Amino acid sequence: MRGTLPTVLCLALLAGGCGGGSDGPPVDQSGAAGGHAVAVRVRAQAWATKAEVAWLGRVAAWNAAFAEAGGAVGRFESGPRFDSALRGDASSLAAYATVLAPIRRCAATYRARVGTAPTARLREAEERYRSSCASYRAGVELMLRAVREQDDGLAERAREEIEDAGKAASVAAGTLPPGEKQPLPRGRDGRLSRIDPRFGGAAARVAGKPVEARCWSAGDWRRLMVEERAYTRGKVNATVLGFASAGGERINLAPGICRGLARVASGRTLPDAAQPAFALALAVATLAHESTHAAGVADEAEAECSGIQWLARAARALGADDADAERLGRVYWARYDQLPAVYRSPECRDGGDLDLDLDSSGFP
Ligand SMILES: [Zn+2]
């Protein structure tokens with residue numbers, strides 16, 4: 001019966017949130033677009049209002065508490081007391097019910113801590129969260145009965161309810177926050193917030209699926225960060241270079257990163273000097289890193305190592321010639337040991353666990 005028990009209680013949320021080396025140097029030394037043009041606001045009404053930002057913050061805090069409760073359930077289910085509960089031990093069963101209580105109370109804590117969405121456009125998320133809570137409650141009640149009655153069939157139904165709950169919550173999360181979801185024009189104009197098909201094409205190669213690459217003007221990036229910061233509890237903030245949307249359909253790139261990518265895509269020869277070349281390498285590395293997140297890799301060190309191994313190919317997909325693409329890869333890899341610890345792994349090496357091509361002896 002253990003095999004059928006849920007380990008999917010955590011709301012799989014806040015999936016984006018990272019910068020590919022957010023303490024790296026700013027990409028401000030190159031770029032075809034120029035940085036001084038006044039950015040055009042795409043749609044003022046698309047950005048979250050103050051009340052909406054506050055609500056997003058409450059959703060995020062509630063999500064985090066819920067995920068923590070889900071983690072406690074997971075730990076309990078992999079510990080010895082769960083086995084005792086399965087054998088019918090009354091106090092262990094009571095302890096299991098206690099650890100499940102916050103999951104069961106999902107709707108009540110949502111009402112108390114999040115409350116009604118301030119605008120109609122956030123209602124879809126609200127409805128899905130409420131429906132997710134109803135499924136969590138049903139799933140928890142079924143699960144407790146399943147353990148009490150030693151009933152595999154009930155456990156299976158419980159697992160399905162809880163999976164449905166997780167899916168509904170995940171869909172709800174995917175509709176938030178509103179700014180990142182707004183329609184953007186497609187194009188290459190570096191002054192505008194836009195969907196850039198050249199960068200999306202390179203991202204799709206890395207991710208192995210369609211990915212939309214969103215480049216934001218400096219002003220819009222700041223507005224975007226207000227919402228993302230609230231919704232990710234600070235994980236996505238003004239220092240990040242990019243982040244993938246929940247669900248991985250889109251990657252969002254900071255203005256400096258897009259300038260670097262445009263420079264690489266221009267086909268002009270790379271700058272000789274180390275620092276400008278590194279800035280371009282960082283831009284491509286960020287695209288490859290976020291594309292790996294979009295493909296479903298959450299771990300930062302793994303995303304970074306994959307991005308490094310894709311870097312030269314991504315540069316080629318952008319339009320760099322072979323020599324320049326290889327150089328960008330080398331330039332970035334040479335500074336691997338300077339990355340923040342969260343982006344590094346001892347397995348990121350030839351033959352290591354994160355080596356994507358074990359047959360080749362070259363790395364990256
Ligand atoms: Zn990341």
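Note that the structure is predicted; figures quoted are calculated from it, not measured.

1. What to know about the overall build of the protein chain
Then, number 1: Across its full length, the protein chain carries 13 helices and four strands.
Then, number 2: For the protein chain, the residues scored as buried account for 51% of the 364 residues in total.
Then, number 3: Intrachain contacts of the protein chain at a sequence separation of at least 6 include 72% that bridge at least 24 residues.
Then, number 4: Counting only carbon and sulfur atoms, one obtains 52% of the accessible surface of the protein chain, whose full area is about 15700 Å².

2. What to know about the pattern of salt bridges
Then, number 1: Here the structure, examined in full by the defined rule, presents 18 salt bridges.
Then, number 2: Here Arg-130 ties to Glu-126 by a salt bridge, and the two come within 3.9 Å at their closest N and O atoms. A residue pair is termed a helical-turn pair when its members lie 3 or 4 positions apart in one helix, as Arg-130 and Glu-126 do in helix H5 (residues 123–149) at four residues.
Then, number 3: Residue Arg-130 is classed as partly exposed on the basis of its relative accessible area, which comes to 31%.
Then, number 4: Taking the relative accessible area as the measure of exposure, Glu-126 reaches 5% and is therefore buried.
Then, number 5: Across the pair Asp-220 and Arg-223 runs a salt bridge, and its minimum N-O distance is 2.8 Å. In this pair, Asp-220 and Arg-223 both sit in helix H9 (residues 218–231), three residues apart, roughly one turn of the helix.
Then, number 6: Salt bridges sharing partners connect three or more residues here, namely Arg-104, Arg-137 and Glu-141.

3. What to know about the state of the cysteines
Then, number 1: Inspection of the entire model under this criterion finds three disulfides.
Then, number 2: A disulfide bridge connects Cys-106 with Cys-133, and the sulfur atoms are separated by 2.0 Å. In this structure the cystine formed by Cys-106 and Cys-133 twists about its S-S bond by roughly -55 degrees; its chirality is therefore left-handed. Placement of Cys-106 in helix H4 (residues 106–113) and of Cys-133 in helix H5 is noted, with a sequence separation of 27 residues between them. Judged on exposure class, the residue Cys-106 and its partner Cys-133 are both buried.
Then, number 3: Shown here is the disulfide that connects Cys-305 with Cys-348, its sulfur atoms set 2.1 Å apart. Across the disulfide from Cys-305 to Cys-348, rotation about the S-S bond amounts to roughly 90 degrees, and the bridge is consequently right-handed. Of this pair, Cys-305 sits in helix H12 (residues 300–318) while Cys-348 is found in the segment after helix H13 (322–333), placing the two residues 43 residues apart along the sequence. With respect to burial, Cys-305 and Cys-348 carry one shared label: buried.
Then, number 4: Across the protein chain, the disulfide pattern expressed with sequentially numbered bonded cysteines is 1-2, 3-4, 5-6.

4. Thoughts on the sheet that holds strand S3 (residues 242–244)
Then, number 1: Taking strand neighbours across the sheet as the criterion, the four strands line up as S1-S2-S4-S3 in an open arrangement whose pairing is mixed. One side of each edge strand has no neighbouring strand; the edge strands of this open sheet are strand S1 (194–195) and S3.
Then, number 2: Pairing analysis gives three bridges linking S3 to strand S4 (residues 250–253), with the strands arranged antiparallel. Note that in S4 the partner of Ala-244 across the bridge is Ile-251.
Then, number 3: Its contacts with the sheet place H9 against S3 and S4, and it is angled at close to 50 degrees to S3.

5. Overview of the nonpolar core
Then, number 1: One finds Phe-199, Ile-251, Leu-261, Val-284, Leu-328 and Tyr-332 to be the most contacted residues of the largest nonpolar core, which totals 58 residues.
Then, number 2: Tallying contributions element by element places helix H11 (residues 274–294) first for this core, with 10 residues.
Then, number 3: If sequence neighbours within four positions are ignored, Val-284 has contacts with Leu-261, Val-264, Leu-311, Ala-314, Ala-315, Leu-318 and Leu-328.
Then, number 4: Counting 45 residues, the second-largest nonpolar core is a separate cluster that includes Leu-56, Tyr-96, Val-114 and Leu-144.

6. Quick word on the side chain of Glu-180
Then, number 1: Residue placement: Glu-180 occurs in helix H7 (residues 178–181).
Then, number 2: In contact with Glu-180, other than residues within four places in its own chain, are Arg-214, Trp-216, Leu-224, Glu-227, Glu-228, Phe-243, Ser-245, Arg-250 and Asn-252.

7. Considering the packing of aromatic side chains
Then, number 1: Scanning the model with the defined rule gives 13 aromatic pairs in all.
Then, number 2: A connected cluster of aromatic rings, assembled from ring pairs, spans Trp-62, Phe-66, Tyr-110, Tyr-129 and Tyr-136.
Then, number 3: The ring of Trp-310 is capped by Arg-313, whose NZ or CZ atom sits 3.9 Å from the centre of that ring.
Then, number 4: Over the ring of Phe-278 we find Arg-335; its NZ or CZ atom is 3.9 Å from the centre of that ring.

8. Considering the environment of Ala-67
Then, number 1: Secondary-structure assignment places Ala-67 in helix H1 (residues 50–77).
Then, number 2: Along the sequence, Ala-67 and Ile-103 sit 36 residues apart, while their C-alpha atoms lie 9.3 Å from each other.

Rules behind the numbers
- Residues numbered from 1 in each chain as written.
- Predicted model: local features only at pLDDT ≥ 70, side-chain atom pairs only at ≥ 80, totals over all residues.
- Heavy atoms only, no water.
- Helix = DSSP H or I, 4+ residues; strand = E, 2+ residues; numbered from the N terminus.
- Buried < 20%, exposed > 50% of the residue type's maximum accessible area, 1.4 Å probe, protein only.
- Contact = heavy atoms within 4.5 Å.
- Areas by Shrake-Rupley, 256 points an atom, 1.4 Å probe, with all protein chains shown as cover.
- Salt bridge = Lys/Arg side-chain N within 4 Å of Asp/Glu carboxyl O.
- Disulfide = S-S within 2.5 Å.
- Pairing = 2+ DSSP bridges.
- Axes fitted to C-alpha atoms, helices over the stretch in contact; angles between N-to-C directions.
- Core = buried A, V, L, I, M, F, W, Y, C linked by side-chain atoms within 4.5 Å.
- Phe/Tyr/Trp six-rings, centres within 6.5 Å; stacked < 30°, edge-to-face > 60°.
- Lys NZ or Arg CZ within 6 Å of the ring centre and 35° of its normal.

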